[in-house]
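# Close look at the chain arrangement
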Amino acid sequence: MGDHNARTRRRGEELISAIHKAVLEEVAEVGVARLTMDGIGKRAATPRTTLYRRWSDPVEVLLDALHHLHPVEEPTPGADDLRGDLIRALRLMVDWMLSPAGRAVAAILTDPQRTPQISQALFERVFAERGGTFTSTVLRHYAERGHFPAELLTPVVADIGEALVTKRMIDAAVPPSDDDLAAIVEQAILPAIGLGRTSS
């Protein structure tokens, strides 16, 4: 009776948050190929019919959760701290990678049974809609305000921070420190856009 009452009391954002949490835990445990509405519903203590009122299949639940939980960079409005904004963007990435959403994305991308469609949907409906690769929003913000030539912001440059942080996360036993992130910004990203380590 207590469980039933707990179910019926959940509404709106509280219920959606519980479902989002459940789908991230489920995909991390079983993989995207074995994700089902039944599994999500049981983990969320929510009837399957409730899920179908909002989503057509389990992958839609997953993409919705990842979209809502993906962080968005917030550059300094005055565009006067490029180095600091880039370091903060990379810290945002590290924190996200260690979160349930980040772990779920890692499970999807390393799942040998995943389809090309799920990978494409992940990039188009989550990453692209939330600003693209980490540091992209910051770099665009500063390029648009004339801090460096916009043509230098190539896809390769936009990927530098993400690629180096990912490598550090794979290679090291501990997450990168702020000093590690500063080194990536100063020695890789800023030189790639023609700026020195103290430029802003």
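Residues numbered from 1 in each chain as written. Predicted model: local features only at pLDDT ≥ 70, side-chain atom pairs only at ≥ 80, totals over all residues. Heavy atoms only, no water.

### What to know about the overall build of the chain
- Each helix and strand counted, the chain has eleven helices and zero strands in total.
- Going from the N terminus to the C terminus, the chain shows its helices and strands as α-α-α-α-α-α-α-α-α-α-α.
- Referenced to the eigenvectors of the C-alpha coordinate spread, the extents of the chain come out at roughly 65 × 35 × 30 Å.
- Each of the 200 residues in the chain was classed as buried or not, and the buried ones make up 44%.
- Within the chain, contacts between residues separated by at least 24 positions form 71% of all contacts whose residues are at least 6 apart in sequence.
- A total accessible area of about 10800 Å² is found for the chain, and carbon and sulfur atoms account for 53% of it.
- Positive and negative charge centroids in the chain, built from 23 and 28 side chains respectively, lie 7 Å apart. (Helix = DSSP H or I, 4+ residues; strand = E, 2+ residues; numbered from the N terminus. Buried < 20%, exposed > 50% of the residue type's maximum accessible area, 1.4 Å probe, protein only. Contact = heavy atoms within 4.5 Å. Areas by Shrake-Rupley, 256 points an atom, 1.4 Å probe, with all protein chains shown as cover. Lys, Arg positive; Asp, Glu negative; His and termini not counted. Charge placed at Lys NZ, Arg CZ, Asp CG, Glu CD.)

### Some words on the UniProt feature "domain: Tetracyclin repressor-like C-terminal" (unreviewed entry) in the chain
- Per the UniProt record, "domain: Tetracyclin repressor-like C-terminal" (unreviewed entry) is annotated on residues 77-187.
- A helix fraction of 67% and a strand fraction of 0% characterise residues 77-187, whose end C-alpha atoms lie 25 Å from each other. (UniProt positions renumbered as here; feature names shortened; annotations may be inferred.)

### Side note on the packing of helix α5 (residues 58-69) against helix α7 (residues 100-109)
- Across the interface, α5 lies against α7 with an axial gap of 10 Å and an inter-helix angle of 135 degrees. Overall, the two elements α5 and α7 adopt an arrangement that is oblique. For the pair α5 and α7, the sense of crossing is left-handed. In this structure, α5 uses L62, L66 and L69 to contact α7, whose residues at the interface are A101, A104, V105 and I108.
- Across the contact of α5 with α7, the residue classes break down as seven nonpolar, no polar and no charged. (Axes fitted to C-alpha atoms, helices over the stretch in contact; angles between N-to-C directions. Parallel < 35°, antiparallel > 145°, perpendicular 65-115°, else oblique. Left-handed = near helix turned anticlockwise from the far one by under 90°. Nonpolar A, V, L, I, M, F, W, Y, C, P; charged D, E, K, R; others polar.)

### Some points on the nonpolar core
- Ranked by internal contacts, the top residues of the largest apolar core, which has 55 residues, are L62, L66 and L82.
- The element contributing the most residues to this core is helix α6 (residues 82-97), with eight residues.
- What L66 contacts, discounting residues up to four positions off in sequence, is L24, A101, A104, V105, I108, L122 and V126. (Core = buried A, V, L, I, M, F, W, Y, C linked by side-chain atoms within 4.5 Å.)

### As for unusual backbone geometry
- The phi torsion at A45 lies on the positive side, around 55 degrees, for a residue other than glycine.
- With respect to the helices, strands and loops of the structure, A45 is situated in the loop between α3 (37-44) and α4 (48-54).
- One non-glycine residue with positive phi stands out, namely A79, at about 50 degrees.
- Note that A79 resides in the loop between α5 and α6.

### Observations regarding the confidence of the model for the chain
- For the chain, per-residue confidence averages 90 on the pLDDT scale, and residues scoring 70 or more make up 92% of the total.
- For the stretch residues 1-8, pLDDT sits under 50, and the model shows three contacts to residues farther than four places along the chain or on other chains. (pLDDT = per-residue confidence, 0-100.)

### Re the environment of V32
- If you trace the backbone, V32 turns up in the loop between α2 (12-30) and α3.
- In this structure V32 comes out as buried when scored by relative accessible area, which is 9%.
- Those residues in contact with V32 that lie beyond four places of it in its chain are V27, V59, L62, D111, R114 and I118.

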